[in-house]
Amino acid sequence: MEFKNSTFIKLLIVQCLSLFGLAQNFDFFYFVQQWPGSYCDTQQSCCYPTTGKPDTDFGIHGLWPNYNSGSYPSNCDPNSPFKQSTVSDLISSLQKSWPTLACPSGNGLSFWSHEWVKHGTCSEAVLDQHGYFKSALKLKSQIDLLQILLGAGINPDGRSYSVSSIQNAVRNAIGSTPGIECNVDASGNSQLYQVYICIDTSGSNIIECPVMPNSDRCDSAIVFPAF
């Protein structure tokens, strides 16, 4: 009986260590910001949040743990649900900088819950729930994509710009080359949708991306639509 109990305890320890490793085993973050004009002008369209139309600005999509191989962990801790009370002091900032555009209209809680459960739980050995959202908000305040692009003469006016000019503008401002993701508008035009910036495992420092996201949907010149 003592041997069996010892074996059971060892197995339990291994499982616990495995779960812990799953929560901290990643190589870097993608900090992803999306352009609302490109989310809303597709055939699927969008719904403004219950708080009203978001600012004409990039909004946070997520802070995503990633592997150098290009794959990523997800849904790492089923015992760590999103709790609004944990981020109560951040709600107004989240509504402004991390707005939901999904239909039907919402207050953002479902969006933030999804991001925490799918992505945030895979970094909770480094960032607890409050720290995860606070880190993303801090990165957003440090990386003002719209002002960076405006300063380079790249405006959300429905004109087309080369992907390289967008990447160069961001690289010149932050010292790291961003990944660019495109989608297509209702007329089938390739357009600037999301910008990926790589962050170290602390969730604080910009790094050069070990691997770029897939940009197959981007033409060499892409539209930057109005919002």
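Please read these numbers as outputs of a predicted model, since none were measured by experiment. (Residues numbered from 1 in each chain as written. Predicted model: local features only at pLDDT ≥ 70, side-chain atom pairs only at ≥ 80, totals over all residues. Heavy atoms only, no water.)

## Quick notes on the packing of aromatic side chains
Point 1. Counted by the stated rule, this structure contains 13 aromatic pairs.
Point 2. Ring geometry for Phe 82 against Phe 133: centres 5.7 Å apart, planes inclined by 70°, an arrangement best described as edge-to-face. Linking Phe 82 in the loop between strand 2 (59-66) and helix 3 (91-97) with Phe 133 in helix 5 (residues 129-142), this pair joins segments that are 51 residues apart in sequence. We note that Phe 82, like Phe 133, is buried. (Phe/Tyr/Trp six-rings, centres within 6.5 Å; stacked < 30°, edge-to-face > 60°. Helix = DSSP H or I, 4+ residues; strand = E, 2+ residues; numbered from the N terminus. Buried < 20%, exposed > 50% of the residue type's maximum accessible area, 1.4 Å probe, protein only.)

## Side note on the state of the cysteines
Point 1. In this structure the tally under the stated criterion is five disulfides.
Point 2. The disulfide partner of Cys 47 is Cys 103, and the gap between their sulfur atoms is 2.0 Å. On the sign convention where negative is left-handed, the bridge of Cys 47 and Cys 103, at about 105° about the S-S bond, is right-handed. With Cys 47 in the loop between helix 2 (36-40) and strand 2 and Cys 103 in the loop between helix 3 and helix 4 (109-118), this pair connects stretches of sequence that are 56 residues apart.
Point 3. Given the relative accessible area of 47%, Cys 103 is considered partly exposed.
Point 4. The residue that forms a disulfide with Cys 198 is Cys 209, at a sulfur-sulfur distance of 2.1 Å. The S-S bond linking Cys 198 to Cys 209 shows a torsion near 105°; that makes this disulfide right-handed. Within this pair, whereas Cys 198 is found in strand 5 (residues 190-199), its partner Cys 209 is found in the loop between strand 5 and strand 6 (221-223), the two being separated by eleven residues in sequence. Each member of the pair Cys 198 and Cys 209 is classed as buried. (Disulfide = S-S within 2.5 Å.)

Without other data, these values stay purely geometric and don't point to any function.
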